[in-house]
Every structure is written in structure tokens, then in C-alpha cells.
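Structural description and commentary
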Amino acid sequence: MEKFTKLVSTAIPLNIENVDTDQIIPARFLKATNKKGFGDNLFRDWRYTQAGEKDTSFVLNNDSYTGSILIAGTNFGCGSSREHAAWALSDYGFKVIVSSFFADIFKGNSLNNGLLPVQVSEAFLNRLFELTNADPNVNFEINLDAQSLSVLDTNESEFFEIDPYKKLCLLNGYDDIDFLISKKETIKQFEISRA
């Protein structure tokens, strides 16, 4: 995985609550086991009409909004446990998803795939929507080490929680196997001391 320390980016606001994994990546696109290409069908039924044309009213099709941060409504990632939802968001180019609540399985799948779910208060989430709606070019900074999300244009910020082990893995670009490999010498020395 890619190391994650700090990210400065604009954001795309998706002010919709209870977005489930089937809306993130519809089941009919789950035919591959390779993580590449899922971003093409991210929010497919919202991004495109039945005729296959881009729906210009959907925020991801609005050229005013860019960035690798998705600001989402509360209860993001509910529904089934499909890991493909995290794959699709990452493949599209998102590095951070901000919400006031994430479904547990989605949160775990995201962290396991290098996608950082940042959970903020409902009031701060509403403020982020307000800021991005007023100015699509507002810049945000996510500092994983400090566990903070800051609005660079206004100096507003909020602390977020993250599991210490997952934080360590993201900072170092580790998946679970990489973490174990990083402890190889320590494990080896422990085994020698027990012999």
C-alpha cells in the first residue's frame, strides 16, 4: 500500500445519507477479483442515465468539484460487506472519505485498502458541506499523525479517532502481511530466546 501521512486537497461533497455499498458499486459489476477498473462504475446508477449518458446533476459529473476527498452524508457504506466498495472509491482516486458515521465493515475494508475513513461530528460535517457548496476550491488538510482534519482557508479543524494499529499501517504503507514482515527480526530474536 501507499504510505499516508498528510493530504491537502479540495473535496467532492456527496450530501446523501445512508449510502449503501450497492449504490457505491452495484452488484452487477462485481465480476472481477482484480482491484483495478472498479472506479469506472463507482456510483454507476447515479453517475449515468439508463441510456448510458452522464447525469450532469450528479456531483461527480460536476467539473467544479475535484479532489481526492469525498465528503459524504452520515451512515456511509452501510449494506453488504463487499470490499469492492472500498476498491471502487480508491480506484476512482479518493484517498479519504469524511462522514459523521461509517458502517463498521466498510470502515474496516477501507482501512485495509489504504482508504482513510475520517469520522467527524455531525456539526463539523454540516460545516464542511456548507464550505464546499459555497466554494468548490476550498482546501482541506488531513494529517494522519495528528489525527486532524483542517480547513486551510478558515483554520477550522477537528480531531478524529483511528485504531492505533491501522494508523501505524497507513503511516508505513503496510497491509497486515507487510506489518508482520516488518517484525521479522523481532520475531526471530524472540524465537531464539525461547529455544
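Report follows, based on the coordinates.

Procedures and definitions
Residues numbered from 1 in each chain as written. Predicted model: local features only at pLDDT ≥ 70, side-chain atom pairs only at ≥ 80, totals over all residues. Heavy atoms only, no water. Helix = DSSP H or I, 4+ residues; strand = E, 2+ residues; numbered from the N terminus. Rg over C-alpha atoms; globule rule 2.2 N^0.38 Å. Buried < 20%, exposed > 50% of the residue type's maximum accessible area, 1.4 Å probe, protein only. Contact = heavy atoms within 4.5 Å. Pairing = 2+ DSSP bridges. Axes fitted to C-alpha atoms, helices over the stretch in contact; angles between N-to-C directions. Arc of directions from axis to C-beta. Salt bridge = Lys/Arg side-chain N within 4 Å of Asp/Glu carboxyl O. Core = buried A, V, L, I, M, F, W, Y, C linked by side-chain atoms within 4.5 Å.

1. Quick notes on the overall build of the protein chain
Scanning the protein chain from N- to C-terminus turns up 8 helices and 8 strands. Relative to the compact-globule value of 16 Å for 195 residues, the protein chain shows a C-alpha radius of gyration of 18 Å, a close match. Taken over the C-alpha atoms alone, the protein chain extends approximately 65 × 45 × 25 Å along its principal axes. Out of the 195 residues belonging to the protein chain, those deemed buried represent 45%. The long-range fraction of contacts in the protein chain, counting pairs at least 24 apart against all pairs at least 6 apart in sequence, stands at 64%.

2. Side note on the sheet that holds strand β4 (residues 96-99)
Read from one edge of the open sheet, 4 strands run β2-β3-β4-β5, paired in parallel fashion. Among the strands making up the open sheet, the edge pair consists of β2 (11-14) and β5 (116-119). Across the sheet, the axes of successive neighbouring strands diverge by a mean angle of 20°, strand direction being ignored. By the bridge criterion, 3 bridges tie strand β3 (residues 69-72) to β4 in an arrangement that is parallel. By the bridge assignment, Ile71 is partnered in β4 with Val98.

3. Considerations on helix α6 (residues 164-172)
Since the α-helix advances by 3.6 residues per turn, residues separated by three or four positions end up pointing in the same direction. Those residues of α6 not exposed but buried are Lys166, Lys167, Cys169 and Leu170. Looking straight down α6, one finds that the buried residues subtend no more than 165° of arc, so they occupy a single side. Packing partners of the buried residues in α6 comprise α4 (104-112), β5 and α7 (176-182). Where α6 ends, the next residue or the one after it, Gly173, has phi of about 75°, a positive value.

4. So, the pairing of strand β1 (residues 6-9)
Residues of β1 alternate between two faces, with Leu7 and Ser9 buried on one and Lys6 and Val8 left unburied on the opposite face. By the bridge criterion, 4 bridges tie β1 to strand β6 (residues 140-143) in an arrangement that is antiparallel. Within β6, the position partnered with Lys6 by the bridge is Asn143.

5. Section: the pattern of salt bridges
According to the stated counting rule, one finds 6 salt bridges in the structure shown. With its nearest N and O atoms 2.9 Å apart, the salt bridge here joins Asp22 to Arg82. In this pair, Asp22 is assigned in helix α1 (residues 21-24) and Arg82 in the loop between β3 and α3 (84-92), connecting sequence segments 60 residues apart. Linking Asp45 and Arg28 is a salt bridge whose minimum nitrogen-to-oxygen distance equals 2.5 Å. One end of the pair, Asp45, is in helix α2 (residues 44-47); the other, Arg28, is in the loop between α1 and α2, with 17 residues separating them in the sequence. Note on Arg28: relative accessible area 45%, which makes it partly exposed.

6. What about the nonpolar core?
Counting 27 residues, the largest nonpolar core has Ile24, Phe43, Leu70, Phe76, Leu89 and Ile97 as the members making the most contacts within it. Listing elements by their share of this core, those giving two or more residues are β2, β3 and α3. In terms of residue count, the dominant contributor to this core is α3 (5 residues). Dropping the residues within four chain positions of it, Ile24 is found in contact with Val19, Asn41, Leu42, Phe43, Phe76, Gly77, Ala85, Leu89 and Phe106. One finds Val120, Phe129, Ile142 and Val151 within the second-largest nonpolar core, a separate group that totals 25 residues.

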